[in-house]
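Structure at a glance
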Protein chains: 2
Amino acid sequence: MTASEILPLVDRFRAVVGAANALTEPADTTRYLVEERGLYFGRTPVVLRPGSVAEVQAIARLAHETGTPLVPQGGNTGLVGGGVPDESGHEVVVSLERLDRIRDVDPAGNTMTVEAGVVLDTVHRAAEEADRLFPLTLGSQGSCRIGGNISTNAGGTAVLAYGNTRDLVLGLEVVLADGRLWNGLRRLRKDNTGYDLKHLFIGAEGTLGIITAAVLKLLPRPKSVAVAYAGVASPEAALRLLAVARNHAGPALTGFELIARIGIEFAVRHIAGAREPLGQPSPWYVLIEVSSGGGDAGTMLEAILAEAFESGDVDDAVIASNLEQTAAFWRLRHDMSEVQKFEGGSIKHDISVPVSLVPAFIEEASAAVVALLPGARPVPFGHLGDGNIHYNVSQPVGADKAAFLRRWGEVNAVVHGIVTRLGGSISAEHGIGRLKRDLLAAVKDPVEMDMMRAIKAALDPKGILNPGRVL
Amino acid sequence: MTASEILPLVDRFRAVVGAANALTEPADTTRYLVEERGLYFGRTPVVLRPGSVAEVQAIARLAHETGTPLVPQGGNTGLVGGGVPDESGHEVVVSLERLDRIRDVDPAGNTMTVEAGVVLDTVHRAAEEADRLFPLTLGSQGSCRIGGNISTNAGGTAVLAYGNTRDLVLGLEVVLADGRLWNGLRRLRKDNTGYDLKHLFIGAEGTLGIITAAVLKLLPRPKSVAVAYAGVASPEAALRLLAVARNHAGPALTGFELIARIGIEFAVRHIAGAREPLGQPSPWYVLIEVSSGGGDAGTMLEAILAEAFESGDVDDAVIASNLEQTAAFWRLRHDMSEVQKFEGGSIKHDISVPVSLVPAFIEEASAAVVALLPGARPVPFGHLGDGNIHYNVSQPVGADKAAFLRRWGEVNAVVHGIVTRLGGSISAEHGIGRLKRDLLAAVKDPVEMDMMRAIKAALDPKGILNPGRVL
């Protein structure tokens, strides 16, 4: 499109949402165009902020009619270039932030109906006010929005017990590519009337439809929560500890996070107030959380640790003795992304493998990465209970940061090669977006790529919804 | 197709699987053609029993080339005409029963990879041998096959804690309509690389592909299980008891089943050995099951009942004191379908509504049904915790059975009208098949019907997979 084509089109979009909600000035639009990590900085003719579902429909109808690409956006906390426009200047941003009503809370039915723009923390608070739990827990929960969480099938630290975002959604309301509205806002636990369409839109990163509202599952709030750090000799020992923990706590095991010693060292070195969790250093740490509907979380956690001491899998452990210490334990875990910034360049991976293969993955990946880049420092950490490891690699001490980061693709190739051989995923929780789009064909079955393209063509025949993301 | 066209085609299919596994004699084929309740009795030119995935692919390729309709079949325990051929005599049955290998059990990763033809009971036993639980629990578990459970997204009595079959599947292997194989046999807890295709095939009743294998989730076996019957005055009281039970047991609440007094009366009258669960009759009964990874299931159940006695929601309760009594308690619940046969004709519904609306649904439905058919006896029972009620209606005492059953459609219309108004589903767990296909358009948004048709066309463009089922 040329500028003379775009300008009248902007006027037509502006007429849908009103001048105040059609942003074109850089001072207004920049925050919608740049991603948190700074990897992407796009351009747009206009950022639209619809205030109703009907306006989202009108935007989609106009885009469908005119072949205008739309980029739906939530809280813009994504990490793979899925929610910001590209550099072409043709993609119109549709921010869902004004659709921020909680439409309904049903404590007896354990559901909440929310619009796409509700911030995750607001969902948490509304659940608490109804004496319920909405368990999705992410570092960005103060700014990410539920529509984005659903469109990316967000993970986080509570997946072990409660599943991914996908598992917490009962129904969806979606504006389709041609502007029609699908009302799939079901509040049902069971519904076997045809294809389960909601799962297509969840995790589709806005490429199949624009999610405008959702029915979320609520859960009982746990009566007691107990958290501990345990020191273990190896990922294998951590895996045995996981089995013990599951046997004692079953579904009450709500967190099981692995951290390599180097991550704790980074935190203690760089974060004010961060403290060694155990009296003596340990090669690996496990953060265990047990949450119970009764008062027995502490008892379960003690039983887990007692058995693991007995078997020799745990060398030392500390149970948080109060809420403050519990918060500090979790903060140390959540600091793991931040602390790497102080140690120079960091090459990231968000991978998963079958849970039982995590130790093999870490061993093989670290050997391969250090062979490729001597002195490089792997900092693996993450959700062992889900098989999801953030396998990040810090630069060698004293190396040139830019030169190190230029090896990003090479390191990715080595690590993703091992992941693929182990039957794993190159994007466990962050999605594909633009960052990993060109890696997909290398790791996916061509049959699967064909099916995905067929579905995209069936639901978005003009290819106007978030084009170039995922596929 | 004419007979002269079908016969050479049968020869070509026979060549794929071998003569011994291409059944054409009525003595051999009948069990593949008739459904358990006797509502459907189809015809087929041949029943194929492939012995490998490659043979299933060859069958699909040939069917695709020749436009031959295929009806995939598991254990043939479905209730909606989805797994038996129609009366045309043109539909070829593909029985998956010879694909019955357990390919892999991974206790550390909590997964099991099974072929479609493995009987559900066999899956249970293999999980137990690995000290794990596969929680899907159905009346037909001795003969239904896991591929059919997945294709129909089977429900059952353990959905409250563990979800539907959909929630217990990590990966699938599927033969597509053109014979290509999709290897989606992932053993991952997290994988955000593109559209989640497995959820399309789960519950699609064989209309989008033929499932040949699956990766199932395994869970820890509970260390203690406690079961009780509680007498409550009304479905509202049962709902309050559900909230109390969830608050005390959280995810350890593994069963919560509602039974109307009339169902217990029928059982005591007709089933040898069936006994009143409580000392005094109660208008409604709740079967509660708590399963714990620790030894405290009994303690939790006692706490639930103590609070409910205190609040007056429970009038009387009995906790099973041993395994035999536990089994008897569950048997009484599972007898509910059977006992209705002794009381004459029964018009069935398998509905769900939002959990909090179950009391309103039962009240409205019973008033409407009795107004329509004075003397008719509603026998509601089922999975209150999931909002899924088997709302069956027994004929008036002494009425003519055939005359009563002729009112089936009328009664359905009244009940489904209430369900739809309450935002519910007309098929909570049994699926659509042929039985409810023509009801779908009445209860579904046309936008949703269009999306389903678009996806069907994208994945099965010639319409050869289980045609006329679902859509």
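Up top is the structure these notes are about.
What counts as what
- Residues numbered from 1 in each chain as written.
- Chains lettered and ligands numbered in written order.
- Predicted model: local features only at pLDDT ≥ 70, side-chain atom pairs only at ≥ 80, totals over all residues.
- Heavy atoms only, no water.
- Helix = DSSP H or I, 4+ residues; strand = E, 2+ residues; numbered from the N terminus.
- Buried < 20%, exposed > 50% of the residue type's maximum accessible area, 1.4 Å probe, protein only.
- Contact = heavy atoms within 4.5 Å.
- Buried area = accessible area lost by both parts, 1.4 Å probe.
- Salt bridge = Lys/Arg side-chain N within 4 Å of Asp/Glu carboxyl O.
- Polar contact = N/O pair within 3.5 Å; in protein donor to acceptor, adjacent residues only side chain to side chain.
- Least-squares fit on C-alpha atoms with pLDDT ≥ 70 in both.
- Pairing = 2+ DSSP bridges.
- Expected span 1.5 Å × (residues − 1).
- Arc of directions from axis to C-beta.
- Axes fitted to C-alpha atoms, helices over the stretch in contact; angles between N-to-C directions.
- Parallel < 35°, antiparallel > 145°, perpendicular 65-115°, else oblique.
- Left-handed = near helix turned anticlockwise from the far one by under 90°.
- Nonpolar A, V, L, I, M, F, W, Y, C, P; charged D, E, K, R; others polar.
- Phe/Tyr/Trp six-rings, centres within 6.5 Å; stacked < 30°, edge-to-face > 60°.

Attention now goes to the overall build of chain A. Regarding its fold elements, chain A presents 17 helices and 19 strands. Summarising its shape, the C-alpha atoms of chain A cover approximately 70 × 55 × 45 Å along the three principal directions. In chain A, which comprises 471 residues, the share counted as buried stands at 60%. Nonlocal contacts in chain A, meaning residues at least 24 apart in sequence, comprise 73% of its contacts between residues at least 6 apart.

It is worth spelling out the side chain of T157(B) at this point. Among the secondary structure elements, T157(B) is positioned in the loop between α5 (146-151) and α6 (159-162). Contact partners of T157(B), with chain neighbours within four places excluded, come to T137(B), T254(B), G255(B), E257(B), W330(B), R333(B), H334(B) and H383(B).

Across the boundary between the two partners, chain A contributes 83 residues, which contact 82 residues of chain B. Buried area between chain A and chain B, both sides added, is near 6,600 Å², and the carbon and sulfur share of it is 55%. By the criterion of area lost to chain B, the three top residues of chain A are K190(A), N192(A) and Y195(A), representing 16% of everything that side buries. There are 10 salt bridges connecting chain A and chain B. Our count for the chain A to chain B interface comes out at 44 residue pairs in polar contact (both at pLDDT 80 or more).

A few words now on the relation of the copies chain A and chain B. For the pair chain A and chain B, the superposition axis carries a translation of 0.0 Å, the fit reaches an RMSD of 0.0 Å, and the rotation angle comes to 180 degrees. Those values place the two copies in the arrangement expected of a two-fold rotation axis. Most of the interface of chain A is mirrored in chain B: 99% of its interface residues are interface residues there too.

Next up on the list: the sheet that holds strand β1 (residues 22-23) of chain A. Residues and elements named next belong to chain A. Read from one edge to the other, the open sheet built from 4 strands follows the order β1-β2-β4-β3, with strand pairing classed as mixed. The strands lining the two open edges of the sheet, one partner per strand, are β1 and β3 (70-73). Of the strand pairs in this sheet, strand β2 (residues 47-48) and strand β4 (residues 92-95) are connected by 2 bridges, and their pairing is parallel. The partner of L48 across the bridge, within β4, is V94.

All names here are of chain B. Helix length check: helix α3 (residues 53-66) (14 residues) gives 20 Å between terminal C-alpha atoms against 20 Å at 1.5 Å per residue, within 8%. Considered for burial, the residues of α3 that qualify are V53, V56, Q57, A58, I59, A60, L62, A63 and H64. Downstream of α3 by a residue or two, G67 has a phi angle that is positive, lying close to 70 degrees.

Residues and elements named next belong to chain B. When the terminal C-alpha atoms of helix α10 (residues 297-311) are compared, their 21 Å separation across 15 residues agrees well with the 21 Å that a helix rising 1.5 Å per residue should span. Residues of α10 that are buried: A297, M300, L301, I304, L305 and A308. Seen from one end, α10 has its buried residues packed into an arc of 130 degrees, which puts them on one side. In α10, those exposed residues whose orientation departs by more than 90 degrees from the buried face are T299, E302 and E310. Where α10 is buried, its residues contact β12 (224-232), α8 (235-249), β14 (284-292) and β15 (314-319). Phi turns positive one or two residues past the end of α10, at G312, with a value near 85 degrees.

Moving on, we come to the environment of R453(A). All names here are of chain A. Looking at where R453 falls in the secondary structure, it is placed in helix α17 (residues 446-459). Owing to a relative accessible area of 43%, R453 belongs among the partly exposed residues under this scheme. Each C-alpha atom, one on R453 and one on L471, is 7.3 Å from the other, the two residues being 18 residues apart in sequence. Side chain to side chain, R453 and D450 meet in a polar contact 3.2 Å long.

Quick look at the packing of helix α13 (residues 358-372) of chain A against helix α15 (residues 408-421) of chain A now. Residue and element names in this part refer to chain A. Two numbers describe how α13 lies on α15: the axes approach to 10 Å, and their chain directions differ by 155 degrees. The angle between α13 and α15 places the two elements in the roughly antiparallel class. Where α13 crosses over α15, the handedness of that crossing is right-handed. Residue-level contacts link F361, E364, A365, A368, V369 and L372 of α13 to E410, V411, V414, V415, I418, V419 and R421 of α15. Looking at side-chain class alone, the contact of α13 with α15 contains 10 nonpolar, no polar and 3 charged residues.

Take the pairing of β4(A) next. All names here are of chain A. The alternating pattern of β4 places V92 and V94 on one face and V93 and S95 on the opposite face, and all of these are buried. With 4 bridges connecting them, β3 and β4 associate as parallel partners. When the sheet's bridge partners are listed, P72 is paired in β4 with V94.

The backbone of V470(A) sits at a positive phi, close to 65 degrees, despite the residue not being glycine. Within the fold, V470(A) resides in the segment after α17. V470(A) gets classed as buried once you look at its relative accessible area, which sits at 1%. Backbone geometry places N76(B), a non-glycine residue, at a positive phi of 55 degrees. Inspection of the secondary structure assignment puts N76(B) in the loop between β3 (70-73) and β4 (92-95). By relative accessible area, which is 15% here, N76(B) ends up buried.

Time to look at the pattern of salt bridges. All names here are of chain A. What the rule picks out here adds up to 66 salt bridges over all chains. In this structure, the salt-bridge partner of R101 is E115, at a minimum N-O distance of 3.3 Å. Within this pair, whereas R101 is found in the loop between β4 and β5 (102-106), its partner E115 is found in strand β6 (residues 111-115), the two being separated by 14 residues in sequence. By relative accessible area, which is 5% here, E115 ends up buried. Notably, a salt bridge pairs E343 with R377, separated by 2.9 Å at the nearest N-O pair. You can see E343 sitting in the loop between α12 (336-339) and β16 (346-347) and its partner R377 sitting in strand β18 (residues 377-383), a full 34 residues away along the chain.

Looking now at the pairing of β14(B). Residues and elements named next belong to chain B. Burial within β14 is extensive, with 9 of its 9 residues counted as buried. Burial of β14 is two-sided: the residues W284, V286, I288, V290 and S292 facing one way and the residues Y285, L287, E289 and S291 facing the other way are all buried. Relative to β14, β12 runs antiparallel, the two sharing 9 bridges. Opposite G231, over in β14, you have Y285 as the bridge partner. Examined bridge by bridge, strand β13 (residues 253-260) and β14 share 7 bridges and lie antiparallel to one another. When the sheet's bridge partners are listed, G255 is paired in β14 with E289.

Another point: the packing of aromatic side chains. All names here are of chain A. Inspection of the entire model under this criterion finds 6 aromatic pairs over all chains. A ring pair is formed by Y229 and F329, whose centres lie 4.9 Å apart and whose planes are at 65 degrees; its orientation type is edge-to-face. One end of the pair, Y229, is in strand β12 (residues 224-232); the other, F329, is in helix α11 (residues 323-334), with 100 residues separating them in the sequence. Each member of the pair, Y229 as well as F329, is classed as buried.

Residue and element names in this part refer to chain B. In the contact formed by α8 and α10, the axes pass within 9 Å of each other and the chain directions differ by 140 degrees. Taken as axis vectors, α8 and α10 run oblique relative to one another. When you trace α8 past α10, the crossing you get is right-handed. Every residue of α10 that contacts α8 at L241, V244, A245, H248 and A249 is listed here: M300, A303, I304, E307 and A308. Partitioning the contact of α8 with α10 into residue classes produces 8 nonpolar, 1 polar and 1 charged.

Before going further, it helps to spend a moment on the sheet that holds strand β8 (residues 169-175) of chain A. All names here are of chain A. Strands sit in the order β5-β6-β10-β8-β9 across an open sheet of 5 strands; the sheet is antiparallel. Where the open sheet ends on each side, the last strands, each with one partner, are β5 and β9 (181-184). In this sheet, neighbouring strand axes are inclined to one another by 10 degrees on average, regardless of whether the strands run parallel or antiparallel. Here β5 runs beside β6; their pairing, made up of 4 bridges, is antiparallel.

The next thing to look at is the side chain of H349(B). Residue and element names in this part refer to chain B. Along the polypeptide, H349 turns up in the loop between β16 (346-347) and β17 (350-352). Look at H349 and you get buried, because its relative accessible area is 2%. At a separation of 3.0 Å, a polar atom in the side chain of H349 contacts the side chain of N412. In this structure, H349 is in contact with I389, H390, Y391, N392, V393, V411, N412, V415 and H416, ignoring residues within four places of it in sequence.

Function cannot be read off these values alone, since they describe shape.
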